Amino acid sequence: DARNLTELVDLYEETKHEDLRPNAYPYNYVLNCAANSLSKDMKAQHFRVATQTYKEMRKSPYVQPDSFTYGFWLKCCNNLLDDMELRAKCVAYAFEECKQHGLLTNEVLTRLYQGSKPDLVDQVLELEDHDHKNGPYRTSLRVADLPPAWSRNSSRKHKQNLRR
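Residues numbered from 1 in each chain as written. Predicted model: local features only at pLDDT ≥ 70, side-chain atom pairs only at ≥ 80, totals over all residues. Heavy atoms only, no water.

(A) Spotlight on the nonpolar core. Counting 35 residues, the largest nonpolar core has W73, F95, L104, L109, L112 and L125 as its most contacted members. Counting residues per element, the ones that place at least two in this core are α2 (24–35), α3 (43–59), α4 (67–80), α5 (84–100), α6 (106–115) and α7 (118–124). By residue number, the principal contributor to this core is α4, which donates seven residues. Beyond its immediate stretch of four places on either side in the chain, F95 contacts L74, L104, V108, L109, L112, V124 and L125. (Core = buried A, V, L, I, M, F, W, Y, C linked by side-chain atoms within 4.5 Å. Buried < 20%, exposed > 50% of the residue type's maximum accessible area, 1.4 Å probe, protein only. Helix = DSSP H or I, 4+ residues; strand = E, 2+ residues; numbered from the N terminus. Contact = heavy atoms within 4.5 Å.)

(B) Main features of α4. For α4, with 14 residues, the first-to-last C-alpha span of 20 Å sits near the 20 Å given by 1.5 Å per residue. The buried count for α4 comes to twelve of 14 residues, which makes it a mostly enclosed element. For α4, the full list of buried residues reads S67, T69, Y70, G71, F72, W73, L74, K75, C76, C77, N78 and L80. By the N-cap criterion, in which a side-chain oxygen at the helix start approaches the backbone nitrogen of a residue two or three places on, α4 is capped by D66, the distance to F68 being 3.0 Å. (Expected span 1.5 Å × (residues − 1). Polar contact = N/O pair within 3.5 Å; in protein donor to acceptor, adjacent residues only side chain to side chain.)

(C) Local environment of the side chain of E97. Relative to the helices and strands, E97 is located in helix α5. The exposure class assigned to E97 is buried, which follows from its relative accessible area of 10%. When sequence neighbours within four positions are dropped, the list of residues in contact with E97 reads Y54, R58 and Y70.

(D) Layout of unusual backbone geometry. The phi torsion at E126 lies on the positive side, around 55 degrees, for a residue other than glycine. Take E126: it is sitting in the loop between α7 and α8 (135–140).

(E) Representation of the environment of E56 in the model. For E56, the location among the structural elements is in helix α3. Assessed through its relative accessible area of 22%, E56 is described here as partly exposed. Taking the C-alpha atoms as reference, E56 lies 8.8 Å from Y27; in sequence the two are 29 residues apart.

(F) Spotlight on the packing of aromatic side chains. On inspection of all chains with the given rule, the structure shows four aromatic pairs. For the ring pair Y54 and Y70, a centre distance of 6.4 Å and an interplane angle of 80 degrees mean the geometry is edge-to-face. Residue Y54 is found in helix α3, and its partner Y70 is found in helix α4; the two are separated by 16 residues along the sequence. Owing to a relative accessible area of 4%, Y54 belongs among the buried residues under this scheme. Look at Y70 and you get buried, because its relative accessible area is 1%. A connected cluster of aromatic rings, assembled from ring pairs, spans F47, Y54, Y70 and W73. Positioned above the aromatic ring of W150 is the side chain of K99, whose terminal nitrogen or guanidinium carbon lies 4.3 Å from the ring centre. (Phe/Tyr/Trp six-rings, centres within 6.5 Å; stacked < 30°, edge-to-face > 60°. Lys NZ or Arg CZ within 6 Å of the ring centre and 35° of its normal.)

The following block contains the structure:
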């Protein structure tokens, strides 16, 4: 849970031992676990844990969100938020941040398509009416079809894994 992440950061700050320096993996693991929760009764609690984890990661001096973070965060929004208005706000904000940091991957796009209404997809992908004829074209867009700046910092390894 997110408290353990805080304890890990505290331990690193206390010792400054490089082997204990936080990285994105445990944060992303917590996000993915929260997103995969099967308990309908626990959705709100799991979303709070995911939100705390995502927020801590974004504010951390040691670790920053990566492309996996954005994919898992969108998965959390899709799976844990039934309020479509709140989901749209969370997704739009995170997607804009992902684009700004150049971390867009095909996995992040897939998560966007899976949980968002077409008008939100159009908005965050900056699509104009002339850019697409219908819904299926929209969901067939890949990172390579979008501005290169949006994916300039995404890991090559992650891109290759997504092609398999």
